[in-house]
Every structure is written in C-alpha cells, then in structure tokens.
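Analysis of the macromolecular model
Residue-level listing of the chains:
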Amino acid sequence: MDETVHDNTEERVSNISDEQDEAIVLEEPSDDSDDSTEDMFLDDLDPLWDRLSEASDDDWYPEVTPRKKKRSGLSSVSPSPAKSCRSGSPASVQSSKGKARKSSTRRSLPFSKSISEKKWRSVDEPDIEPTQPIFRPKNTPGPQLISTATCNPLQYFELFFSKSVLKTILENTNVYGAMRQDGKKMPWEDITIKDLKSFIALVIYMGVLKCFSLTDYWKTSDLYSLPYPTRIMSGRKFYKISGALHISDPKVDAENDKKRGTPEYDRLCKIKPLYQDIRDACRASFHPFQNIAIDERMVASKARNGLKQYMRNKPTRWGYKLFVLADSLCGYTWDFFIYEGKANVVESKGISYDSVMILANERLLGSGYKLFVDNFYTSPKLFRDLLRKKIWACGTVRSNRIGHSKTQAPRGNIRWFREEDLLFVEWKDKRDVLMCSTFHKAFNGDTIKRNVKGADGVWAPQEFPVPAAVLDYNKHMGGVDLSDALIGYYSVLHKTQRWYRTFFFHFVDIAVVNAFILHQQMAKMKNEKPMSQKAFREALVNELASPPPPVRATLTPYSHLPKYISGDSTSGRRRCKVCQNKTPVMCVTCEIPFCFVPKRDCFTKWHNPDSSSENEND
C-alpha cells in the first residue's frame, strides 16, 4: 500500500494544474461554449477584483470554482465539492496551453497581492521549526472493539447495518410495496428479515461476480447457469424487493413533499434514516490515527435529480457529490456528508471552508491531528481557524493564489516565506509545486530521486532536494483515494430508477469496506493474517444468505398438506424443489413448491423418501 503511494508521488506532483473543478446542474457543456463562457465570466469579474484587492488575509475566504452561466428556469447549485474526485497532488503552475488567450484576464486572488518577491527566502536561509502537535485523541485510535474479540464478517457488517436499521428498512419497504400494489391483481406479500438479508447478500455477490445484466444471474442456459442466485432467491422475488425498496417512511415523505419549494423542504428525506445511522456507526466503530485527509467522492448517477453534479475533468463526471474524512493509514471512511447545493446562509464562508469545519470536529476527534487537503480547500483563514481548534493542516495551493516566480529556476530549487503560523513553500519539480502548512519546516535535508535525461541522451536517476511538506502530503493525502479504490474493486452500485436507491447501494459499499478494514485492523492487533477483500465479501455473502440445510420431514396426517401457491392452478407457478419443473402446488408447512400430479409426485418423494424408493423397487 505504501509502495503505491510512493510510486504515485511524481504523478501527484505534476498533475494538479490540469485539475479544474466545475459543477453544472442538469446541463452538459458543449465544446463550442466553454471558451466563450469562461471569457464572459472573467470579464464580468473585473470590478470584483478591484474590490477584493483591498481585502486583508483574514477577510479572504476561498472562492468556489466559477459557475457556468445558468440556463433560465433552473435552480442554482453551488460549484463542486464506494472513486475520489481529486487526485490530491501538490499544486503546480497552470500549463501553457491557452495561456496567450487568457493572460490578459487571469489575475491573482487578493491575499497574494501583498506578497512581493522580497518575501521569498532561499533554502539556504534557516527556518525555525514550528511547535509540533501533541496527539491527544478523544478515544484510542483504531477499532473501537474489544481487542481479544473474535468476529466473523457478518458481525463486522452488522455494526453498520444493525438489526434496528434492517427492521426500519423492512417496515418501510413493506408499506411502500403495499402502496404500489394497491388495486392491482397481485397483492403485495410482506417480506421478512431473512428475505432482506438474502437480497443484500445477492447485491454484494453481484459486486464480486459481474454480469452484464441482472437477468443473467438467473439464466439457465449453459453459457451462464449460475446456481447460487437461484438457490438464494428467485429472480422474480429479487426484482420485487428491488422495486419496492424504501428507506424512509412513505407518510413522512408525503408530508415533506408538501413543503417543496419552501425552506423547510428536506432534499434528503428519503435517505435520512439510513444516512444518519451509517454516519453514526462509522464514527462509533473506529477512531482515526493522527493523519487524516478530507477529499471529495462522486457516486455515479445520471438520475434527473437536483442533487446531481457534473465535474468535467473527473473520472466520474455525473453523480452525487460527497465530502469524506478518511483515515490516511487504512482508508477507513470515518465521516462524510452529501453535498446538497449552495447554501443560502449568511454565515456560510464557502463550501471549501464549511465542509472542512463540519468534518474536522475536534469534540469528536480530539486534538493534535494532522489534516491533509488539496488546493480546493487550502486558505489562510481555514488553516488559522483549524489551528485554533488544535488541528494542524497541510495542503497544496493554487498557483494564482500566491506570488509565483516568473523566472526560470533549476529543478529541485526551493524557496519559502512565513506569515505568522503559516509556511508557504515553492518547489521546482517537473512543474512548480506550491504548499502551505502549519506544522512543517521549510527544508529538512530530504531528497527524492527523479529520472533525468543527461547531455549524452541517457536517462539516469538523480537526487533533488524536496520539502518535507511535499513528502508528507504524498504519503498521507491518499486516505479517501484508498477508500474509493477499495469500494471500486467490488462496487455493488447498479442502475436504478430511484435516486435514493443509488445511495442505499453506496451505503452498502461503505459498510462492507469499513467492515473489511476493521477485520484487517483486528487481525493486525492479533498478529494474524487477514482475509483478502474478495474472500471477506464471499464469506459475508454466505453468512448473510445461507439458509440452514433443509430437513426432510416425515409425512404425518395433517402436518404436511399440498395447497395452491396463489389459490389458482393457472397462476403463481414456481419451480419444483425436486425436479425443477414448474408447479402451482406447494407444501403448507414447508412452504416449498412440489409437483403433485400422478406422473410427478415430488410432494410424496420429498416428505417420505422411503416409500418412493420402495415403489421404485417394486
């Protein structure tokens, strides 16, 4: 895992300038309109720059990514916050592509206006190392379980999807299912906890074993013929539960819909019960180690919903945006929240500032934490306010937010300056890297290897000096990236017609990955070898869905009697347990379908196998 982070160091150092984050609501931009829209936006900002230039550092808050011009009639959504939206790589100077066209309009943000070239110091000038944080977490870092406890995958999973959570989902699903089937020919039959667990087991199973279509899992052709899904649940029942799956109370939803268009309307009402329970369970089951990271995550979706965001330069362009705080060591998702759009609150200081202050809660975390963020969040105001909460921070800085050298410098050149508790350092790599930190020294003598082409045309490794802030950033910024990677390997997410079911599948992803990380950490504490994630998921599926082996009962008078499944011999046919032919008959006690005709008396064969064998011998 550490090798992966180290191998990606150069990619993190060189790619940040290509990251431009934009959020667009319900509208895909055309290639022809991008340039004109951005120029229009920059021209409109000319008077704004003049006003902002008079602002001090303390008065500046990080501005959100510029918005595209909105189409009339659409609600405004603020730009961007089981895969991560940002690469988390150190900041570099804007690429030269399109530079001539935009050079006349692009300007530095206000707090960098006062930074002159005289402030920069060379690496030869000594820097005073700031006071290092004393780590005092609220709880002991790691799993919040008894260290000697032995848990199976299902017990870890039930820390997040507890019996009370499943009961709530079950009740709301049955109510919603009855509402959907009201007045139809086939009435709704209530599902049980066992059915819901089997449904979740199949959802996780589908993440491990991928098929192009859901119907492929129940095909009987030689090309597919997967026996496991059929043994757990019929395809018809799976689709029935999937279509009725509901997280919130339908009555509460109806009351909330009446408030649509008012400030009291809750956009997340349909996922609130599970949303809050998962967040609470994530915080209660694990406590982060000293290094933590905050980043964004996109949950893929193209549903027609106001929560959906568009990010042009991200792997997942369309979807729901989450802000996530993860442990940098193991990738555990400790807390997160869903981005609902621009908040019309006077006290808001921008989504980049507010999201960090919400997630980095010192009353739950403790003090002495080292927080790593990317250039979307970094600002002097944020870092100073975090320092007052006894949380130290390190992050990249966008090149237009700090005085940047226009002169050429050799690779490995370092220069820096301090403003009170903030260190700003610039490092020349393949591109310029700009960092801000509250706990680093400008240079500690560290070096890094780079392949350099010599005068003779031969590539050879060469060592260059590197600031400690860059090394620590590349080592600890990938917490959310690691969590997204673990989710992405076996993601259970699939297409659905209801936006809130997309979140249900993502919450299952979070629960499974966090449960797997708890298993890893507990095994590490006991010096045991942990399971792989694939093996963990396979064991979890079996424990969730595996029914006890069926017991063949002896046929006694009135204890096992045949009955029609749907009260009619022409409908409701299911496959016989013995011969797999379709039959309208099932056992009253066993609730298992059997053939009950003269030529195929599977009912008697199953309940009284001795008599059937005697008949065959005769």
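Notes on the structure in this doc start here. (Residues numbered from 1 in each chain as written. Predicted model: local features only at pLDDT ≥ 70, side-chain atom pairs only at ≥ 80, totals over all residues. Heavy atoms only, no water.)

1. Here we look at the pairing of strand β13 (residues 422–428)
- Where burial is concerned, most of β13 is hidden: seven out of the seven residues are buried.
- Residues of β13 alternate between two faces, with Leu422, Phe424, Glu426 and Lys428 on one and Leu423, Val425 and Trp427 on the opposite face, all of them buried.
- Bridge analysis of strand β12 (residues 414–419) against β13 gives six bridges, and the strand direction is antiparallel. What sits directly across from Trp416, in β13, is Val425.
- The loop that links β12 with its antiparallel partner β13 comprises two residues; one of these, Glu420, has a positive phi angle of about 60 degrees.
- Relative to strand β14 (residues 432–437), β13 runs antiparallel, the two being bridged by six bridges. Bridge assignment links Trp427 to a residue of β14, and that residue is Val433.
- Where β13 folds back on β14, the antiparallel hairpin that results is connected by three residues. (Buried < 20%, exposed > 50% of the residue type's maximum accessible area, 1.4 Å probe, protein only. Helix = DSSP H or I, 4+ residues; strand = E, 2+ residues; numbered from the N terminus. Pairing = 2+ DSSP bridges.)

2. Overview of the packing of helix α8 (residues 193–208) against helix α10 (residues 235–244)
- Where α8 contacts α10, the axes come no closer than 11 Å and their chain directions differ by 100 degrees. Classed by the angle they form, the pair α8 and α10 counts as roughly perpendicular. The residues of α10 that touch α8, namely those facing Asp195, Phe199, Leu202, Val203 and Met206, are Lys237, Phe238, Ile241 and Ser242.
- Across the contact of α8 with α10, the residue classes break down as six nonpolar, one polar and two charged. (Axes fitted to C-alpha atoms, helices over the stretch in contact; angles between N-to-C directions. Parallel < 35°, antiparallel > 145°, perpendicular 65-115°, else oblique. Contact = heavy atoms within 4.5 Å. Nonpolar A, V, L, I, M, F, W, Y, C, P; charged D, E, K, R; others polar.)

3. Topic: the side chain of Asp327
- Tracing the backbone shows Asp327 in strand β7 (residues 318–327).
- One buried charged side chain, Asp327, makes no salt bridge at all; its nearest oppositely charged neighbour is Lys524, positioned 9.1 Å away.
- Beyond its immediate chain neighbours, meaning those up to four positions away, Asp327 contacts Phe286, Pro288, Phe289, Asn291, Tyr332 and Gly479. (Lys, Arg positive; Asp, Glu negative; His and termini not counted. Salt bridge = Lys/Arg side-chain N within 4 Å of Asp/Glu carboxyl O.)

4. Examining the pattern of salt bridges
- Considering all chains together, one arrives at 22 salt bridges under this definition.
- Salt-bridge contacts for Glu158 lead to Lys197; the nearest nitrogen and oxygen are separated by 3.7 Å. On the criterion of sequence distance, the pair formed by Glu158 in the loop between α6 (153–157) and α7 (163–181) and Lys197 in helix α8 is long-range, its members being 39 residues apart.
- Of the residues examined, Glu158 reaches a relative accessible area of 23% and is grouped as partly exposed.
- Of the charged contacts, one joins Lys534 and Glu538 as a salt bridge, the two residues approaching to 2.7 Å between their closest N and O atoms.

5. Some words on the environment of Pro133
- Checked against the element boundaries, Pro133 lands in the loop between β1 (121–122) and β2 (136–137).
- Under the relative-accessibility criterion, Pro133 is labelled buried at 13%.
- Along the sequence, Pro133 and Tyr369 sit 236 residues apart, while their C-alpha atoms lie 7.4 Å from each other.

6. Notes on the nonpolar core
- If you look at the biggest cluster of nonpolar residues, it comprises 106 residues, and the most contacted ones within it are Phe160, Phe161, Ile200, Ile271, Phe504 and Phe507.
- In terms of residue count, the dominant contributor to this core is helix α18 (residues 499–525) (16 residues).
- Look past the residues within four positions of Ile271 in its chain and what remains in contact with it is Ile247, Ile338, Trp499, Tyr500, Phe503 and Phe507.
- Formed by 20 residues, the second largest nonpolar core is a distinct cluster that contains Phe372, Leu387, Val433 and Met435. (Core = buried A, V, L, I, M, F, W, Y, C linked by side-chain atoms within 4.5 Å.)

Coordinates in, geometry out; function isn't part of it.
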